[in-house]
Amino acid sequence: MMHPLLHTPYLDNDLLQQRDKMVATLKQRFKTYGYQQIQTATLEPYDLYVGNPKIGNTDEMIKVMDTSGKVLVLRPDVTIPITQQIATAHMNVGEDTRLFYIMDVFGYRFEDDQKQRTQAGVEYFSNRTPAGDAEVIALAIHILKDCGFPEFKLEIGHAGFFRALLAQANLSNEQIAPLQTYIQTKNIAEMVDYLATLPIQETVKEAMQHIPFLYGEPNEVMEGIKQNGLNGIVQAELTYLVDVYNSIQAYGLTDHIVFNLGLINDMNYYSDVIFQGFVNQVGNPVVMGGRYDGLGDYFGARIPAIGFAFDVDLLLHAAKQHGLFTTLKEDEPIAVSYNISQQKEALAIALALRERGYAVVTYSTNDNRQAASKETVHIICETDSYNLYHGEQAISFQHISEVIQLLQERGS
Ligand SMILES: N[C@@H](Cc1c[nH]c[nH+]1)C(=O)O
């Protein structure tokens, strides 16, 4: 059963801690594959997007005006500005460049009311090779494993597959759009009716009707393609996909791979392999990516690249749904309360604890404040005695070193 996305207007402390932990896991994994972090501006010139055929619909971008009347957009995508930066700096990829990011994207192509989403992604600038593409896909799978998802699927398709079929049909963009939707939603009945209205060859119609079925175990999908005589049209794309798949085999990760030749991404910049990752019970993909070798051309540079982005909030939601949140260390602060005559000494104790990374709250008992809860470690500094209370236990101490030793022994 699919669960709708939960919309949290804000994240509470627990969720934020889980989110930080998840982001740390992703960052760590990106680093182990040799990626370096990059950050781009949140507000970008609208000109970066307008008029670029490789960039989707600019209507849905959030626009603002600066004080001089110049139109800016809130970063709708990360791949585009990074490609522009690399294009400006390099013109051609000499050396491989591996970049990762944790950045928000705004207002673009989201079905729901949430106009801001955090992406954790990578961009790998390098010439197209099956081994390079396989490494990026393996990294995405590695992350899903790191997060602890027991079951997930990575669907692989090819941006050129649908395009090659379309090239035979000579259709306008308006005619293509519904077709794309029918394929994405696997709405075969309406697709058949719609195809009947289009002026295209019967063989092409049949091929298109077959696209939604080209899903599943890679060998079976390839067999289905042959049986339907589709391989002649898209031979090069298919051979490449199989090469990538064979390379993923070397990582021992093919259990998670399915082919989906009906995969169509709304981003227009993809040129070759595209992929999306799904975990059970979550309808939308938690990760999307693909190769976009032609995007740099728009910025005047030949810089082939492949990348992906995880939707951090969706991933968090999925982890919660699957009960994958680990219990975090109890971080309730230690309470230090003191008689005003002992203020200096008590504050020195608090400082020493804070210096060691403990969270500490202090208050004067003369202020008549609420007592700490039973679970809290509570240090009370009175004129003639210093005591530490925890649950039923009460221990008196002379020196802060005794407190630190006690805390360490308890593992708190
Ligand atoms: N920018 C793409 C993901 C991606 C990164 N690199 C390549 N593709 C997206 O937001 O869907």
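As annotated in an unreviewed UniProt entry, the chain is ATP phosphoribosyltransferase regulatory subunit from Virgibacillus dokdonensis. Word for word, the UniProt comment on the chain under Subunit (unreviewed entry) is "Heteromultimer composed of HisG and HisZ subunits."

Q: Help me understand the overall build of the chain, please; the structure alone is not making it clear to me.
A: Each helix and strand counted, the chain has 13 helices and 17 strands in total. Taking 22 Å as the expected radius of gyration for a compact globule of 412 residues, we find that the chain reaches 28 Å, considerably beyond that expectation. For the chain, the spread of C-alpha atoms along the principal axes amounts to about 95 × 55 × 45 Å. Expressed as a percentage of the 412 residues in the chain, the buried residues total 49%. Across the chain, the fraction of contacts at a sequence separation of at least 24, relative to all contacts at a separation of at least 6, is 69%. Accessible surface computed for the chain: about 20300 Å², of which carbon and sulfur atoms make up 49%.

Q: Is there a simple way to think about helix α11 (residues 312–321) in this case?
A: Helical geometry note: an α-helix holds 3.6 residues per turn, so side chains three or four residues apart project in the same direction. Counting buried positions over the 10 residues of α11 gives eight, a clear majority of the element. Looking only at α11, the buried set comprises Val 312, Asp 313, Leu 314, Leu 315, Leu 316, His 317, Ala 318 and Ala 319. Capping the start of α11 is the job of one residue whose side-chain oxygen sits 3.2 Å from the backbone nitrogen of Asp 313: Asp 311. Positive backbone phi, at 65 degrees, marks Gly 323, one or two positions downstream of α11.

Q: How should I be thinking about the sheet that holds strand β6 (residues 116–125) in this particular structure?
A: Strands pair in a sheet through their backbones, by hydrogen bonds, and they do so in one of two ways: parallel or antiparallel. Strands sit in the order β1-β5-β6-β12-β11-β10-β7-β9-β8 across an open sheet of nine strands; the sheet is mixed. The open sheet is flanked by β1 (36–37) and β8 (215–216), the only strands paired with a single partner. The pairing of strand β7 (residues 152–158) with strand β10 (residues 273–279) spans seven bridges and is classified as antiparallel. Following the sheet pairing, Lys 153 is matched in β10 by Phe 278.

Q: What exactly am I supposed to notice about the side chain of Arg 291 here?
A: You can see Arg 291 is positioned in strand β11 (residues 287–291). At 3.4 Å, the side chain of Arg 291 forms a polar contact with the backbone oxygen of Ser 126.

Q: I keep staring at the packing of aromatic side chains and nothing clicks. Help me out?
A: The geometry of an aromatic ring pair is captured by the separation of the ring centres together with the interplanar angle, meaning the angle of the planes. Per the stated rule, a full pass over the model turns up 12 aromatic pairs. Measuring from centroid to centroid gives 5.8 Å for Tyr 182 and Tyr 194, while their planes differ by 65 degrees, and the two rings are edge-to-face. With Tyr 182 in helix α5 (residues 173–184) and Tyr 194 in helix α6 (residues 188–196), this residue pair connects regions lying 12 residues apart in the sequence. We note that Tyr 182, like Tyr 194, is buried.

Q: Explanation requested: the pairing of β7 in the structure shown.
A: Here is the key point about a regular strand: its side chains alternate between the two faces of the sheet. The element β7 is extensively covered by neighbouring structure, given that six of its seven residues are classed as buried. For β7 and strand β9 (residues 257–260), the ladder comprises three bridges, and the chain directions are parallel. Within β9, the residue paired with Ile 156 across the bridge is Phe 259.

Q: In this structure, what is going on with the nonpolar core? I would like to understand it.
A: In globular proteins that are soluble, nonpolar side chains generally tend to be buried together. Counting residues in each nonpolar core, the largest one holds 78 residues, and the members touching the most others are Phe 30, Ile 137, Leu 154, Ile 156, Leu 179, Phe 308 and Phe 310. Filtering out sequence-adjacent residues up to four positions away, Phe 310 remains in contact with Leu 26, Thr 118, Gln 119, Ala 120, Ala 140, Ile 143, Leu 144, Val 286, Val 287 and Leu 315. Leu 48, Ile 55, Leu 99 and Phe 125 belong to the second-largest nonpolar core, a separate cluster that totals 30 residues.

What counts, and where the lines are drawn
- Residues numbered from 1 in each chain as written.
- Predicted model: local features only at pLDDT ≥ 70, side-chain atom pairs only at ≥ 80, totals over all residues.
- Heavy atoms only, no water.
- UniProt positions renumbered as here; feature names shortened; annotations may be inferred.
- Helix = DSSP H or I, 4+ residues; strand = E, 2+ residues; numbered from the N terminus.
- Rg over C-alpha atoms; globule rule 2.2 N^0.38 Å.
- Buried < 20%, exposed > 50% of the residue type's maximum accessible area, 1.4 Å probe, protein only.
- Contact = heavy atoms within 4.5 Å.
- Areas by Shrake-Rupley, 256 points an atom, 1.4 Å probe, with all protein chains shown as cover.
- Polar contact = N/O pair within 3.5 Å; in protein donor to acceptor, adjacent residues only side chain to side chain.
- Pairing = 2+ DSSP bridges.
- Phe/Tyr/Trp six-rings, centres within 6.5 Å; stacked < 30°, edge-to-face > 60°.
- Core = buried A, V, L, I, M, F, W, Y, C linked by side-chain atoms within 4.5 Å.

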